[in-house]
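Structural characterization, general
As a plain string of letters, each chain reads:
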Amino acid sequence: MALTHNLGFPRIGARRELKIALEQYWKGESSLADLQRAGAELRQRHWQQQAGLDRVPVGDFSFYDQVLDMSLTLGHLPARAQGFDGEPLDNYFRIARGRSAATDDQACCAIAAGEMTKWFDTNYHYIVPEFTADTAFSLDASRLLEQLREARALNINAKPVIIGPVTYLALGKAKDDSNPLDLLPALLDVYAELLVTLGQHGADWVQVDEPLLVTDLDADWSHAFNVAYHQLKSAPVKILLASYFGGLDDNRYLAAHLPVAGLHLDAVRGRDDVQPLLNLLPSHRVLSLGVIDGRNIWKTDLGAVLDWLEPIAERLGDRLWLAPSCSLLHVPVDLSRETTLDDELRSWLAFALQKLDELALLASALNQGRDSVAPALADNRAAIASRQQSTRVNNPAVRSAVAAITPALGERRSGYPQRAAQQAAHLQLPAWPTTTIGSFPQTEEIRRARYQYRHGTLDKDAYHDAMRTEIAHSVAAQEKLGLDVLVHGEAERNDMVEYFGEQLDGYAFSRFGWVQSYGSRCVKPPILFGDISRPHAMTVEWIRYAQSLTDKPLKGMLTGPVTLLNWSFVRDDQPRADTCYQLALAIREEVLDLEAAGVNIIQIDEAALREGLPLRRSQWAGYLDWAVQAFRIAANGVADRTQIHTHMCYSEFNDIMAAIAAMDADVITIETSRSQMELLDAFDDFRYPNEIGPGVYDIHSPNIPDAEHMVALMTQAAERIPAERLWVNPDCGLKTRRWEEVTPALENMVAAARQLRAAHIR
Ligand code: GLN
Ligand code: ZN
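Residues numbered from 1 in each chain as written. Chains lettered and ligands numbered in written order. Predicted model: local features only at pLDDT ≥ 70, side-chain atom pairs only at ≥ 80, totals over all residues. Heavy atoms only, no water.

1. Thoughts on the coordination of the zinc ion (ligand 2)
Distances from the zinc ion (ligand 2) to its protein donors, His647 (NE2), Cys649 (SG) and Cys732 (SG), fall within 2.0 to 2.2 Å. Geometry at the zinc ion (ligand 2) is irregular, judged from the four donor atoms that bind it and their angles of 83 to 123° at the metal. Of note, the donors binding the zinc ion (ligand 2) are all from one chain and are spaced H-x1-C-x82-C. (Donors = N, O, S within 2.8 Å, 3.2 Å for Na, K, Ca; no water. Tetrahedral: all angles 85-135°; square planar, octahedral: opposite > 155°, others 65-115°.)

As structure tokens, this is what we get:
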């Protein structure tokens, strides 16, 4: 008998109830008791929705972040949060976001928020544990015990979920020059105590998440796994060691020989692990196979999974457990609410609840035979076939265009030096040219117009008039500020991916397909389901209008193919590279249309290029090859005189600098103001060959940078990059800021450029 279980459930709620409850509490509009009640209701609902499983995760609910939860369980708070005498949950929010509810905004309560970073290769961000040489741990199991008690009161077969000690250490950052691994012995004492406590409170299995096992491990980290699980093996509970987000590959032997009662594998991304592990795994171990994709929204081909699984089930008997590949945190909750998606498309999809239904079907088919669920399997087969054969998915013209791609399509006509000379002669820009990254503040008026347009109370013409008014306002503001290269301001764009996805064929949009990004922040990734084509120009009219208002050069603004890909739910029926090339061809058409409309500077944002890097170093080159080529195809069809810009939202590009240079954009603008030194280090080893605008204005902060500060940053940059190749710009778009902040900041930025020119640093 194969058992079913789940690794984690989305906690935000099908209607984003948790987001609403959190934000009300933070604004001081509800009490802590209200918030606690909202959390308890969500947990209860989610357990009931999972009650058909043989084991249900408990402790996966979080008010902000599961890593921060683990830090508190381990009694590991940053020094600045220790000694707080208020409610523990308020202290938790202080660590997460710098403060708790608006009602306690006394100076005592605000502290520096913890650093956030991405959880493996997902778009979920966790709060980074902070270590020093004298970090100490002490158990606080209250959160887990409370949830365990709640679940057991509902007769839920509860399986507590915790982050494993080795992954926990690896996720953290030393604030001094200590090595977090030195903390392992002290940490293991607390884990041992935690497992004893969970056992005493009725847990039999505990899921211990160690996704670090799918990454490159050096000898020290491998050793840490051995030390940790040998020490924990005497725990009075059974440990299910869970790895996910990829294959174990060279860590197979290590994982198979850790003394735990069961091992969970990501059998979607790491299917190649399974056969070798069947042979490696000691004969009494449970093997949990994550056969339903927890990272995407497509229906599982149940017939194909069963063909593969049946012999394995035969061999393992009741040692086989079935689960989604990873926690369902990374997919939306419930497809049945998506009433605006057409029936055909909806029949291809599965959100969290539907994935659990798939799991139940698989288990029935294995345990009682396929006949016991024949109608459901037939429905599944029909849906899979409909997706494979649909003319909405397959567009022969797009396929032949991709097949016809040659390397030449990604080549500019001339090298950078010749292009730069032509662009300089044509554009006549001053030294230290100033520009911005694209968006200007999304004002209340813009939001209102968009809302009314969506709800039918503003017609298309009136909406377009309203957007033109905004564009005219931003162009006038930039002329007044004295910027050199202007932008239209992106008023008409709700989101830099959604805006393009809505106009491309092959994309669909959910209404409620929210996925937690961090804390109360959710994103709604568009669904890229079919071959991509561009029925009409997407941006030309807006840019042309903006250009008609000014004699200064106006920069056309596009989102690049890699970013469109990395911020969508992407079809799984062809390699991502192929999908990316399709996007590249569509963006290329737009680039050429902009050029034909007289736009001399075109920026193609690749904010998410770095996010697509695989977890394993050995796979980086493969990804970067096609990602860079896709960008080049999108960008490089233009004449020498047309200047291509790109923009990236991070400064850690030392390790991918060569790939970024290979994109061959004429100008790149990057986020640097929070870590200027880090960026500049990159230029010691590799000389970026083209022009570059290291951001000098940190747009993530409401602070107004002064001109001297920006002059200093640019002067520093000029020590490593020839001044004639430097641009002066903010480090990202300005849409989240207010005009009252943006205007003085850009005034200072323009003043800084003037000072640099006057100082003849060029
Ligand atoms: N052009 C976009 C903007 O200015 C870029 C946003 C981003 O890099 N995330 O908003
Ligand atoms: Zn950016």
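2. Examining helix α7 (residues 184–200)
The terminal C-alpha atoms of α7 lie 24 Å apart, and with 17 residues this matches the ideal 24 Å at 1.5 Å per residue to within 8%. One or two steps after α7, the chain reaches Gly202, where phi turns positive at roughly 100°. (Helix = DSSP H or I, 4+ residues; strand = E, 2+ residues; numbered from the N terminus. Expected span 1.5 Å × (residues − 1).)

3. Quick notes on unusual backbone geometry
Located in the positive-phi region is Asn155, a residue other than glycine, with phi close to 60°. Its location among the elements puts Asn155 in the loop between α5 (142–153) and β6 (158–163). With relative accessibility at 73%, the residue Asn155 sits in the exposed group. Notably, Asp249 is not glycine yet its phi reads approximately 45°, a positive angle. Summarising the element assignment, Asp249 is placed in the loop between β9 (238–242) and α9 (252–256). (Buried < 20%, exposed > 50% of the residue type's maximum accessible area, 1.4 Å probe, protein only.)

4. Regarding the sheet that holds strand β13 (residues 505–508)
Overall, mixed pairing links the three strands, which are arranged β13-β16-β18 in an open sheet. Strands with a single pairing partner mark the edges of an open sheet, and in this sheet they are β13 and β18 (569–570). Pairing geometry for strand β16 (residues 527–533) and β18, over two bridges, is parallel. Residue pairing for β18: Ile527 is matched across the bridge by Phe569. Contacts from helix α22 (residues 576–596) reach β13, β16 and β18 within the one sheet, and its direction differs from that of β16 by about 55°. (Pairing = 2+ DSSP bridges. Contact = heavy atoms within 4.5 Å. Axes fitted to C-alpha atoms, helices over the stretch in contact; angles between N-to-C directions.)

5. Comments concerning the pattern of salt bridges
Throughout the structure, instances matching the rule amount to 42 salt bridges. In this structure, the salt-bridge partner of Glu502 is Arg454, at a minimum N-O distance of 3.1 Å. Here the residue Glu502 occupies a position in the loop between α19 (498–501) and β13, and Arg454 occupies one in helix α17 (residues 444–454), the gap between them amounting to 48 residues. Arg610 is the salt-bridge partner of Asp655, the closest N and O atoms lying 2.6 Å from each other. (Salt bridge = Lys/Arg side-chain N within 4 Å of Asp/Glu carboxyl O.)

6. Description of the environment of Trp221
Here Trp221 is to be found in helix α8 (residues 219–232). Since its relative accessible area comes to 18%, Trp221 is described here as buried. Through-space distance from the C-alpha of Trp221 to that of Ala170 is 8.6 Å; in sequence the pair is 51 residues apart. In contact with Trp221, other than residues within four places in its own chain, are Val166, Leu169, Ala170, Leu181 and Leu212.

7. Side note on the site of ligand 1
Lining the immediate environment of ligand 1, one finds Ile437, Gly438, Ser439, Glu490, Met496, Met557, Asp605, Ala607, His647, Cys649, Cys732 and Gly733. At a separation of 3.1 Å, a nitrogen atom of ligand 1 approaches a polar backbone atom of Ile437. Relative to its unbound accessible area of 300 Å², ligand 1 is 90% covered by the protein chains. Residues of the shell around ligand 1, tallied by class, amount to six nonpolar, four polar and two charged. (Near = heavy atom within 4 Å. Polar contact = N/O pair within 3.5 Å; in protein donor to acceptor, adjacent residues only side chain to side chain. Areas by Shrake-Rupley, 256 points an atom, 1.4 Å probe, with all protein chains shown as cover. Nonpolar A, V, L, I, M, F, W, Y, C, P; charged D, E, K, R; others polar.)

8. A short note on the nonpolar core
With 118 residues, the main nonpolar core has Trp119, Tyr168, Tyr229, Leu289 and Val291 as its most contacted residues. Apart from residues lying up to four places away in sequence, Tyr229 is in contact with Gly164, Pro165, Val166, Val208, Glu210, Ile239, Leu241, Leu258, Pro259 and Val260. Among the nonpolar cores identified, the runner-up in size contains 106 residues, and Tyr507, Met538, Ala682 and Tyr688 belong to it. (Core = buried A, V, L, I, M, F, W, Y, C linked by side-chain atoms within 4.5 Å.)

9. Points about the packing of helix α15 (residues 396–403) against α22
Axis separation between α15 and α22 bottoms out at 10 Å; the angle between their running directions is 95°. The orientation of α15 with respect to α22, classified from their angle, is roughly perpendicular. In contact with Val398, Arg399, Ala401 and Val402 of α15, α22 contributes Tyr581, Gln582 and Leu585. Looking at the contact of α15 with α22, its residues break down into five nonpolar, one polar and one charged. (Parallel < 35°, antiparallel > 145°, perpendicular 65-115°, else oblique.)

10. What to know about the pairing of β16
By the criterion of burial, β16 is predominantly enclosed, with seven of the seven residues buried. Where β13 lies against β16, three bridges are found, and the strand directions are antiparallel. Residue pairing across strands places Asp505 opposite Ser533, the latter belonging to β16.

11. A word on the packing of aromatic side chains
The final tally for this structure, using the stated rule, is 19 aromatic pairs. Aromatic side chains Trp26 and Phe93 sit 5.4 Å apart centroid to centroid with 85° between the ring planes, which places their arrangement in the edge-to-face category. Within this pair, whereas Trp26 is found in helix α1 (residues 17–26), its partner Phe93 is found in helix α4 (residues 88–97), the two being separated by 67 residues in sequence. The residues Trp26 and Phe93 share a single accessibility class, namely buried. Between Trp119 and Tyr126, the aromatic rings sit 6.0 Å apart at their centres with planes inclined by 75°, giving edge-to-face as the arrangement. The exposure classification of Trp119 matches that of Tyr126, with both residues buried. Among the aromatic side chains, those forming a connected cluster through ring pairs are Tyr25, Trp26, Tyr64, Tyr92 and Phe93. Above the face of the Trp514 ring, Lys524 is positioned so that its terminal group lies 5.5 Å from the ring centre. The lysine or arginine in question, Arg617, covers the ring of Trp620, its NZ or CZ lying 4.0 Å from the ring centre. (Phe/Tyr/Trp six-rings, centres within 6.5 Å; stacked < 30°, edge-to-face > 60°. Lys NZ or Arg CZ within 6 Å of the ring centre and 35° of its normal.)

12. What to know about the sheet that holds strand β8 (residues 205–209)
Here eight strands make up an open sheet; going across it, the order is β1-β12-β11-β10-β9-β8-β6-β2 and the pairing parallel. A strand with exactly one partner marks an edge of an open sheet, and here the two such strands are β1 (3–4) and β2 (56–58). The sheet contact formed by strand β11 (residues 286–292) and strand β12 (residues 320–324) spans five bridges and is parallel. From the neighbouring strand, Gly290 faces β12, where its bridge partner is Ala323. This element, α5, spans β2 and β6 of the sheet and lies at about 160° to β6.

Honestly, that's just the spatial picture; any functional story needs more than this.
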